[in-house]
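Fold and contact review
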Amino acid sequence: LAKTTQPISMDSYEGQEVNITCSHNNIATNDYITWYQQFPSQGPRFIIQGYKTKVTNEVASLFIPADRKSSTLSLPRVSLSDTAVYYCLVVRWNAGNMLTFGGGTRLMVKP
Amino acid sequence: SAVISQKPSRDICQRGTSLTIQCQVDSQVTMMFWYRQQPGQSLTLIATANQGSEATYESGFVIDKFPISRPNLTFSTLTVSNMSPEDSSIYLCSVDGLAGGETQYFGPGTRLLVL
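Residue positions are given per chain, counting from 1 as you read along its sequence in written order. To label them, take the chains in the order written and letter them from A, then take the ligands in the order written and number them from 1. In view of the model being predicted, local features appear only for residues whose pLDDT reaches at least 70, and side-chain atom pairs are presented and counted only at 80 or more, with totals across whole chains, interfaces and linings using the full set of residues. Only hydrogens and water are set aside; all other atoms, that is, all heavy atoms of the structure, feed into the side-chain values.

**Side note on unusual backbone geometry**
The phi torsion of most residues other than glycine is negative, and most of the peptide bonds are trans. How we decide: By definition, any uninterrupted DSSP run of H or I lasting at least four residues is a helix, any uninterrupted run of E lasting at least two residues is a strand, and each is numbered from the N terminus. Buried means the residue's accessible area, taken with a 1.4 Å probe over protein chains only, is under 20% of the maximum for its type, while exposed means over 50%, and partly exposed covers the values in between.
For the peptide bond that leads from K7 of chain B to P8 of chain B, omega is -10°, which places it in the cis range. On the secondary structure map, P8 of chain B appears in the loop between strand 1 (4-7) and strand 2 (10-13). For T53 of chain A, which is not glycine, the phi torsion reads 60° and is therefore positive. Counting through the fold element by element, T53 of chain A comes out in strand 5 (residues 53-56). You can call T53 of chain A exposed: its relative accessible area is 53%. Phi angles above zero are rare outside glycine, and R77 of chain A is one such case at about 45°. As for its position among the elements, R77 of chain A is in the loop between strand 7 (70-75) and strand 8 (84-92).

Below is the structure:
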């Protein structure tokens, strides 16, 4: 599976939009891009998944360029409760649903 | 989505002993997974457990150290055997998504400290 690279940490302030970019240069045709969020002392929680272009749900947006070698998770108007670790994963469709977690991005939202 | 519970939520154990962690799901699922998350680190997959078959272990993990049971479609256990302080971690179970399986739902984790 394609390896992912994302910033180790990011700081933001309440009310700002946060964009976390992930690179996955070796993504394959049948791979999806998936983002998880993990709060301290909890298991990871699925946020959003996409294949190409743009996906939006009630929590976030995911932007994927045409070459799919990177993706950007966008969190609109973050609050203190969005402080968490965000993981970008490449998931192969129908390949045992295995998830390979990279290092993640530790987002700190400040007042 | 699936609701997953784990028992115990945390434990402190002596080295050389074993601990069995339970994972219960509120719906029938095909695949269950066990992960380890060491302090301040990311998640590492230990094994995949399908009902009715032997668990499949990832590189670096062996059945003698982490025996897994999967007696039915809603339950699994992971045993951490002959523990050492290096086994101190959070152990998480997850299940595949109910719609196409492209996502996983995670339990809250079991925080283990080995003295």
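**Section: the environment of D11 of chain A**
Residues and elements named next belong to chain A. The following threshold applies: Any pair of residues with heavy atoms lying within 4.5 Å of one another is described as a contacting pair.
Following the sequence through the fold, D11 ends up in strand 1 (residues 9-13). Judged by its relative accessible area of 51%, D11 is exposed. For D11, the contacting residues outside a window of four places in its chain are M108 and K110.

**Quick word on the sheet that holds strand 5 of chain A**
All names here are of chain A. Let me state the cut-off plainly: Here, strands pair whenever DSSP counts at least two bridges between them. Lines fitted to the C-alpha atoms define the axes, with helices restricted to the stretch that makes contact. Angles between their N-to-C directions range from 0 to 180 degrees.
With antiparallel pairing, the 4 strands of this open sheet are ordered in space as 2-7-6-5. With one partner strand each, in any of the chains shown, strand 2 (18-23) and strand 5 form the two edges of the open sheet. Recorded for the sheet is a direction-independent mean angle of 15° between the axes of neighbouring strands. Across 4 bridges, strand 5 lies against strand 6 (residues 61-64) in antiparallel orientation. Opposite T56, over in strand 6, you have S61 as the bridge partner.

**Side note on the interface of chain B and chain A**
Short version of the rule: Accessible area that two parts lose when put together, with a 1.4 Å probe and added across both, is what the buried area reports. Definition used for salt bridges: Asp or Glu carboxyl oxygen within 4 Å of a side-chain nitrogen of Lys or Arg. Each residue is assigned to one class: nonpolar for Ala, Val, Leu, Ile, Met, Phe, Trp, Tyr, Cys and Pro, charged for Asp, Glu, Lys and Arg, and polar for all the others, Gly among them.
Contacts between the two partners involve 21 residues from chain B, matched on the other side by 20 residues from chain A. Here chain B meets chain A over a buried area of about 1500 Å², counting both sides, of which 52% is carbon and sulfur. Along the contact surface separating chain B from chain A lie 0 salt bridges. Within the residue set of the side of chain B that touches chain A, elements represented by two or more residues are strand 4 (31-37), strand 5 (43-50), strand 9 (89-96) and strand 10 (104-106) of chain B. Among the elements that take part in the side of chain B that touches chain A, strand 4 of chain B stands out by supplying 4 residues, more than any other. A breakdown of the residues in the side of chain B that touches chain A according to their chemical character gives 8 nonpolar, 9 polar and 4 charged.

**Some details on the pattern of salt bridges**
Residues and elements named next belong to chain A. Summed over all chains, the structure comprises 3 salt bridges over all chains. For K110, the salt bridge goes to D11, with nearest N and O atoms at 3.3 Å. One end of the pair, K110, is in strand 9 (residues 105-110); the other, D11, is in strand 1, and 99 residues separate them in sequence. Take K110: its relative accessible area is 30%, and that puts it in the partly exposed class. The closest approach of N and O atoms between R92 and D31, which form a salt bridge, is 2.7 Å. Of this pair, R92 sits in strand 8 while D31 is found in strand 3 (residues 31-38), placing the two residues 61 residues apart along the sequence.

**Looking at the layout of surface pockets**
Over the atoms a probe the size of a water molecule is rolled, and this reveals where empty space is left. Convention followed: Using only the protein atoms, space was sampled on a 1 Å grid; points where a 1.4 Å probe fits but cannot get out form cavities, open sets with protein on both sides within 12 Å along at least five of seven lines form pockets, and lining residues are those with an atom within 4 Å of a point. Grid points are joined across faces, edges and corners, and a volume is the space filled by probe spheres set on the points.
Considered as a void within the structure, the largest pocket measures approximately 530 Å³ in volume. Secondary structure elements with two or more residues in the lining of the largest pocket: strand 8 and strand 9 of chain A together with strand 9 and strand 11 (110-114) of chain B. Here the residues of the lining of the largest pocket are counted per class, giving 12 nonpolar, 14 polar and 2 charged. Residue lining of the second largest pocket: 16 residues in total, with P44, R45 and F46 of chain A together with S1 and Y105 of chain B positioned closest to the centre. Of all the secondary-structure elements, those providing two or more residues to the lining of the second largest pocket are strand 4 (45-50) of chain A together with strand 10 of chain B.

**Structural notes on the pairing of strand 8 of chain A**
Residue and element names in this part refer to chain A. With 8 of 9 residues buried, strand 8 is to be regarded as a mostly interior element. Across 3 bridges, strand 8 lies against strand 9 in antiparallel orientation. Considered in strand 9, the bridge of V85 is made with R106.

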